[in-house]
Amino acid sequence: TGARGHMSAHVSHATMVAAVTPRPIAREPCGRIRASVPKRAPLRPLAIRLEKARAPNFRLRAIAGDAPESNIVPSPSDAPELGPLKPTETLKLAIFSTSSYMRHTQTPVIEEAFGAGNVRWFDVGLTPQTAPLAAGCNATCLFVNDRADAETIDVLADLGVRFIAMRCAGFDRVDLDACARRGVAVTRTPAYSPHAIAEHAIAMMLALNRQLMKGHARVTQGNYSLSGLVGFDMHGKTVGIVGTGKIGRCAAKILLAMGCEVLAYDVFQSKEAIAIGVKYVDTVEELLPRCHIVSLHCPLTDDTHHLMDDATFDLMRRGSMLVNTSRGGLVDTAALARALDAQKIACVAMDVYEHEAGLFFEDKSEETDATPGSSLSPDWDLSLGSLASRPNALVTSHQAFLTAEALGNIATTTVENLREFAGGGGAGEG
């Protein structure tokens, strides 16, 4: 698994993700994998320090999206060179998982930087079967659910691809060991707009609390009654934030302005969060029973996978709300369904889903023609469909990031990362 971290809304340097051969690692109180390459510095193989959280007496450790920087350690001498392009080379880019929403905010930025003739756009996701579309390219640009496992990396490397630019923060679907073995460098976009995701989380809280979907549906059918629509004041309620990185702190500021008490758990206690009034607790065990709402804002790691399972749902306050706009794998979907069935929690809002790859960002409603009449698509996800159909669940398809500002920042940072790779090579011309 990987991490989903968010730092500033704009970064002026490439952020290098681990792409080195396995070696003994230092372990410190953190759960992230990160290193930075100064602007215009050549991309060399880097060994990244893995910092694992060690919260006492509790197996679930969540971490900030912008925990202190890891130390950059020189890579093993036998690691393949990942340097920039040669002066005689031109960057040729294959972009997978493209969507129409990129047309006005990202396409112009990327094509202006590298030349429209040097950029190929594919609406299909990256898999071992679609990887050959990158033939003739030396770099690829991927999105959050693209499949970059060892099999895919081998296909890309055989084609001459030497660089992967993730236009997202998460990289848990990238096999970094395979990248190291084949000499493929990887960068990501660690931040784009923490406000976009924080605001989406708050919007979901309010929509569930005030039952806006139900109220709107009634009005469209001529039902103007109010019975069954009672909500609660956010003012005075206790909200728990798990992970106080940039996004968690943005959410906390909004909630504090609404008059909420904000509790938080993170292995790194943010001085900024404390200064604005956030109160930290020592463990997730302590946080869950005290909160009316719990909002997840931590990355997905081995330690945070299924952070919310049967045991942790049992700790939550009866009648409380869970919000997840971070990573789907933080929540055990089956355990969530059991908690809702047993009314251990009242409602859930989720913008992410642990099995979203191959589902989110696609239109599955049109894949039913093989069976005429009313039917489901062959890969219809029954668990997700069941959750989404509940009146006390609000599900969106990984759209929390989707603001014009965030899309622009993603494009700018991705271009900067690609320019680091281009190095002395040509950036191309339109």
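Rules of the game
Residues numbered from 1 in each chain as written. Predicted model: local features only at pLDDT ≥ 70, side-chain atom pairs only at ≥ 80, totals over all residues. Heavy atoms only, no water. Core = buried A, V, L, I, M, F, W, Y, C linked by side-chain atoms within 4.5 Å. Buried < 20%, exposed > 50% of the residue type's maximum accessible area, 1.4 Å probe, protein only. Helix = DSSP H or I, 4+ residues; strand = E, 2+ residues; numbered from the N terminus. Contact = heavy atoms within 4.5 Å. Phe/Tyr/Trp six-rings, centres within 6.5 Å; stacked < 30°, edge-to-face > 60°. Arc of directions from axis to C-beta. Salt bridge = Lys/Arg side-chain N within 4 Å of Asp/Glu carboxyl O. Patch = residues over 30% accessible without salt bridge, like charges linked within 9 Å, V, L, I, M, F, W, Y side chains within 5 Å. Areas by Shrake-Rupley, 256 points an atom, 1.4 Å probe, with all protein chains shown as cover. Lys, Arg positive; Asp, Glu negative; His and termini not counted. Charge placed at Lys NZ, Arg CZ, Asp CG, Glu CD.

S.K.: Just checking my understanding: could you explain the nonpolar core for this structure?
M.R.: When a protein is soluble and globular, its nonpolar side chains tend to lie buried together. Judged by nonpolar contacts, the single largest core of 61 residues is most densely connected at Ile153, Leu156, Ile164, Val174, Met205 and Leu255. Among the elements that make up this core, the one with the highest residue count is helix α4 (residues 194-209) (nine residues). Sequence-distant contacts of Ile164, defined by excluding residues within four places in its chain, comprise Thr140, Leu142, Ile153, Leu156, Cys179, Val184, Ala185, Val186 and Thr187. Val242, Leu263, Ala339 and Tyr353 belong to the second-largest nonpolar core, a separate cluster that totals 32 residues.

S.K.: Explanation requested: the packing of aromatic side chains in the structure shown.
M.R.: Working definition: an aromatic ring pair is given by the centre-to-centre distance plus the angle between the planes. Evaluated as defined, the whole model comprises four aromatic pairs. On the numbers, 4.7 Å between centres and 10° between planes, the contact of Phe163 with Phe421 is stacked. One end of the pair, Phe163, is in strand β8 (residues 163-166); the other, Phe421, is in helix α12 (residues 404-422), with 258 residues separating them in the sequence. Residue Phe421 is classed as buried on the basis of its relative accessible area, which comes to 1%. Three or more aromatic residues joined by ring pairs form one cluster here, namely Tyr101, Phe143 and Phe401.

S.K.: Whenever I open this one, helix α2 (residues 150-159) confuses me. Can you help?
M.R.: Two residues of an α-helix separated by three or four positions point the same way, owing to the 3.6 residues in each turn. Within the sequence span of α2, burial applies to Thr152, Ile153, Leu156 and Ala157. The arc that holds the buried residues of α2, viewed along the axis, is 130°, so those residues lie on one side. Among the structural elements, β7 (139-142), β8 and α3 (176-182) are those in contact with the buried residues of α2. The first or second residue beyond α2 is Gly160, which carries a positive phi of 100°.

S.K.: For this particular structure, what's the right way to read unusual backbone geometry?
M.R.: Excluding glycine, residues mostly carry a negative phi; peptide bonds, for their part, are mostly trans. Despite not being glycine, Gln211 shows a phi value in the positive range, around 55°. Relative to the helices and strands, Gln211 is located in the loop between α4 and α5 (212-220). One non-glycine residue with positive phi stands out, namely His398, at about 55°. Assignment of secondary structure puts His398 in the loop between β16 (393-395) and α12. By relative accessible area, His398 is classed as buried at 6%.

S.K.: What exactly am I supposed to notice about the pattern of salt bridges here?
M.R.: Taken as a whole and judged by the stated rule, the model has 14 salt bridges. A salt bridge links Asp149 to Arg147, with the shortest nitrogen-to-oxygen separation between them at 2.5 Å. A relative accessible area of 22% places Asp149 in the partly exposed class. Under the relative-accessibility criterion, Arg147 is labelled partly exposed at 29%. Across the pair Asp172 and Arg327 runs a salt bridge whose closest N-O atoms are separated by 1.9 Å. Residue Asp172 is found in the loop between β8 and α3, and its partner Arg327 is found in the loop between β14 (320-324) and α10 (333-341); the two are separated by 155 residues along the sequence. Taking relative accessible area as the criterion, Asp172 reaches 25% and is therefore assigned partly exposed. Using a relative accessible area of 6% as the deciding quantity, one classes Arg327 as buried. Put simply, Asp154, Asp158, Arg181 and Arg182 are held in one network by salt bridges that share partners.

S.K.: I keep staring at a negative patch on the surface and nothing clicks. Help me out?
M.R.: Side chains of Asp123, Glu362, Asp363, Glu366 and Asp369 sit close together on the surface and give a patch of like negative charge. With respect to the helices and strands, the residue Asp123 is situated in the loop between β6 (119-121) and β7. We classify Asp123 as exposed; its relative accessible area is 60%.

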